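# Structural characterization, general
Letter by letter, the chains look like this.
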Amino acid sequence: QALPANDTPQTSLLSYLPETNQFTADIGTLNAWTQDFHNTKVDIEKRGSHWFGQLNADETRMTLDYAAHSDAIRVSADFLELTSFKPAQEETSEPDSNTQEVGLVERNWLVHVPAIELTCRICRYDGKDLGRVTLGLDGRFPGEQLRHLRLLKSGTRLDLKGGWVLEDERLKSHIEGEFN
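Here's what I pulled together on the structure shown here. Bear in mind the structure is a predicted one, so any value in this text is a computation, not a measurement. (Residues numbered from 1 in each chain as written. Predicted model: local features only at pLDDT ≥ 70, side-chain atom pairs only at ≥ 80, totals over all residues. Heavy atoms only, no water.)

### Let's talk about the state of the cysteines
Enumeration over the complete set of coordinates arrives at 1 disulfide. At a sulfur-sulfur separation of 2.0 Å, the disulfide partner of Cys120 is Cys123. For the pair shown, Cys120 and Cys123 are each scored as buried. (Disulfide = S-S within 2.5 Å. Buried < 20%, exposed > 50% of the residue type's maximum accessible area, 1.4 Å probe, protein only.)

Here you go:
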């Protein structure tokens, strides 16, 4: 079967790979959501309809499984070091006439976020220690995708919840919380 010239929302290169029950890889640099993870080792396996395993890199050590009380992917990180978000560079050339512009509605990644529960024991962002972080995201709740974000460090706690909604082709944020 011939591969398509470009992946489309209906056709992904992954759809041409045979189904697998295990994935193991050693990756020099893995870029995920603008974050570079160096010397990455991935070892995951499929049990039933869920994936379980480990992802280890210079910047993280984490385990993936599923929460017993929900259908959320559970990510438990001993440590995670993130850098500031680097937006993708925009192309300066004119798009050709066959290229359709993708509007904000089609690019809205929030509606595709699976239910995720992240617990990070030692989290750093741009070299700053955030302490223990727990995060719950779920794209099935428009306007309430951020189920919880809790930062706990030296007895100080920040609790946030909220989300994003699409209004007039713009994403609007709503965040509320407590700080003590």
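### Thoughts on the pairing of strand E2 (residues 35-47)
Of the strand pairs in this sheet, strand E1 (residues 22-32) and E2 are connected by 10 bridges, and their pairing is antiparallel. The partner of Asp26 across the bridge, within E2, is Lys41. With antiparallel pairing between neighbouring strands as the criterion, E1 and E2 make up a hairpin whose turn holds 2 residues, including Trp33 at a positive phi of roughly 55 degrees. If you look at the hairpin formed by E2 and strand E3 (residues 50-57), you'll find 2 residues sitting between the two strands, and Gly48 has a positive phi there, around 65 degrees. (Pairing = 2+ DSSP bridges. Helix = DSSP H or I, 4+ residues; strand = E, 2+ residues; numbered from the N terminus.)

### Description of the packing of aromatic side chains
Scanning the entire structure with this criterion turns up 1 aromatic pair. Relative to Tyr66, the ring of Phe52 lies with its centre 5.9 Å away and its plane at 65 degrees, an arrangement referred to as edge-to-face. On the criterion of sequence distance, the pair formed by Phe52 in strand E3 and Tyr66 in strand E4 (residues 60-66) is long-range, its members being 14 residues apart. For the pair shown, Phe52 and Tyr66 are each scored as buried. A cation over an aromatic ring shows up here: Arg47 above the ring of Phe52, its NZ or CZ 4.5 Å from the ring centre. Seen from the ring of Phe141, Arg147 lies directly overhead, with NZ or CZ sitting 4.0 Å from the centre. (Phe/Tyr/Trp six-rings, centres within 6.5 Å; stacked < 30°, edge-to-face > 60°. Lys NZ or Arg CZ within 6 Å of the ring centre and 35° of its normal.)

### Overview of the sheet that holds strand E6 (residues 116-125)
One open sheet holds the 10 strands; their spatial order is E1-E2-E3-E4-E5-E6-E7-E8-E9-E10, and the pairing between them is mixed. Pairing within the sheet leaves two strands with one partner each, and these edge strands are E1 and strand E10 (170-179). Taken over all neighbouring pairs, the strand axes of this sheet differ in orientation by 15 degrees on average, direction set aside. Summarising the sheet, strand E7 (residues 128-137) and strand E8 (residues 146-153) pair through 6 bridges and their orientation is antiparallel. When the sheet's bridge partners are listed, Val133 is paired in E8 with Leu151. (Axes fitted to C-alpha atoms, helices over the stretch in contact; angles between N-to-C directions.)

### Brief notes about the side chain of Thr60
Take Thr60: it is sitting in strand E4. A distance of 2.9 Å separates a polar atom in the side chain of Thr60 from the backbone oxygen of Phe79. Once residues within four sequence positions are removed from consideration, Thr60 is found in contact with Phe37, Leu55, Ala77, Phe79 and Leu80. (Polar contact = N/O pair within 3.5 Å; in protein donor to acceptor, adjacent residues only side chain to side chain. Contact = heavy atoms within 4.5 Å.)

### Notes on the layout of surface pockets
The calculated volume of the largest pocket comes to roughly 2,100 Å³. As for the largest pocket, its lining consists of 42 residues, and the residues nearest its centre are Trp33, Ile116, Leu118, Leu135 and Leu137. Secondary-structure elements contributing two or more residues to the lining of the largest pocket are E1, E2, E3, E4, strand E5 (73-82), E6, E7 and E8. In the lining of the largest pocket, the residues fall into 33 nonpolar, 7 polar and 2 charged. (1 Å grid on protein atoms, 1.4 Å probe; cavity = no way out; pocket = protein on both sides within 12 Å on 5 of 7 lines; lining within 4 Å. Points joined across faces, edges and corners; volume = space filled by probe spheres on them. Nonpolar A, V, L, I, M, F, W, Y, C, P; charged D, E, K, R; others polar.)

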